[in-house]
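Reading the structure
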Amino acid sequence: MERCEDETGRHARRTRPPWWATLGAALFAALFFAAGSWQLNRAAEKRALLESFDRAAAAHPMPAPRDAEAIATLRYRPVRATGHFDASHQVLLDARIRDGRAGYEVLTPLLTGTGAILVNRGWVAASPDRSRLPEIGIDSGEVTIRGMLDALPQAALALEPDEGAQAAGWPRRLLYPTTQDISAALGYPVRNYQILLAPDAADGFRRDWRPVLLAPQQHLGYAVQWFALAATVVVIYAALGFRRTAPADRT
């Protein structure tokens, strides 16, 4: 506590905040600032992903790559492939939500002269009766398909191997299968990616492949809010912690 004279010449007291108040204000300000910084990073990541999608989607189609590692550098790149669909062995990616409704994404193996490729033919709604599967039949004649490269969807947390991959019967419902899971179920290897069938191609279902993300502008708005909270903590701490109080008059 410090003493100083006010305008009347009396000694005013300047208070200092206790250590726990200083520590608490510092922790909360740092926490809010970190949250704001995280939102800025997320905005940059989302912007980069959308730009990558638009840039890659505008490229000229290339043959489907054989290199399993190509997905790391060629994600969303337009590709083409020729073969015939294995209509008897299809996979339904379960629990895919569109417009608040549950459904499946249909993976159909395309057998080519150089190996099998998983083709995602789009989203179909699920019946309230889980025992009823959607109609996803397709002709097995030779076709040339167009689409975009992408990885299979992955769970946010690591899961145990999908037990549905070992179940009998087709089509087979799987939640987050790996290509190894699907290969084991099919009995032959598939490449380590999927082709998202072009929206204007035949033999598909609902296909809106542009990533559905929280807009970068929304992340920026959240960042501003977190930074404002950090600034508010500092202002309140300074205003209440370092105020002057005049002593009572002595008569």
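So, how was this worked out
Residues numbered from 1 in each chain as written. Predicted model: local features only at pLDDT ≥ 70, side-chain atom pairs only at ≥ 80, totals over all residues. Heavy atoms only, no water. Patch = residues over 30% accessible without salt bridge, like charges linked within 9 Å, V, L, I, M, F, W, Y side chains within 5 Å. Areas by Shrake-Rupley, 256 points an atom, 1.4 Å probe, with all protein chains shown as cover. Salt bridge = Lys/Arg side-chain N within 4 Å of Asp/Glu carboxyl O. Helix = DSSP H or I, 4+ residues; strand = E, 2+ residues; numbered from the N terminus. Buried < 20%, exposed > 50% of the residue type's maximum accessible area, 1.4 Å probe, protein only. Contact = heavy atoms within 4.5 Å. Pairing = 2+ DSSP bridges.

**Examining a nonpolar patch on the surface**
Together, W19, W20, L23 and L27 make up an exposed nonpolar region whose accessible area comes to about 550 Å². Looking at the secondary structure, you find W20 in helix α1 (residues 19-57).

**Considerations on the side chain of Q39**
By the secondary structure assignment, Q39 is in helix α1. Overall, Q39 belongs to the buried group, its relative accessible area being 9%. With near-sequence residues (within four places) excluded, Q39 lies in contact with H219, Y222, A223 and W226.

**Some words on unusual backbone geometry**
At the junction of W170 and P171, the peptide bond is cis and its omega measures out at -5° in the coordinates. One non-glycine residue, Y76, lies in the positive phi region at around 70°. Y76 gets classed as buried once you look at its relative accessible area, which sits at 4%. If you check the backbone angles, A95 has positive phi at about 60° while not being a glycine. Topologically, A95 is positioned in strand β5 (residues 91-98). For A95, a relative accessible area of 43% gives the class partly exposed.

**Examining the pairing of strand β4 (residues 78-85)**
When strand β3 (residues 62-63) meets β4, the two strands line up parallel, connected through 2 bridges. Each bridged residue has a counterpart across the sheet, and for M62 the counterpart in β4 is V79. Pairing of β4 with strand β8 (residues 142-150), which is carried by 7 bridges, proceeds in the antiparallel orientation. Note that in β8 the partner of G83 across the bridge is V143. The pairing of β4 with strand β6 (residues 101-112) spans 2 bridges and is antiparallel. Looking at β6, one finds that H84 is bridged to L111.

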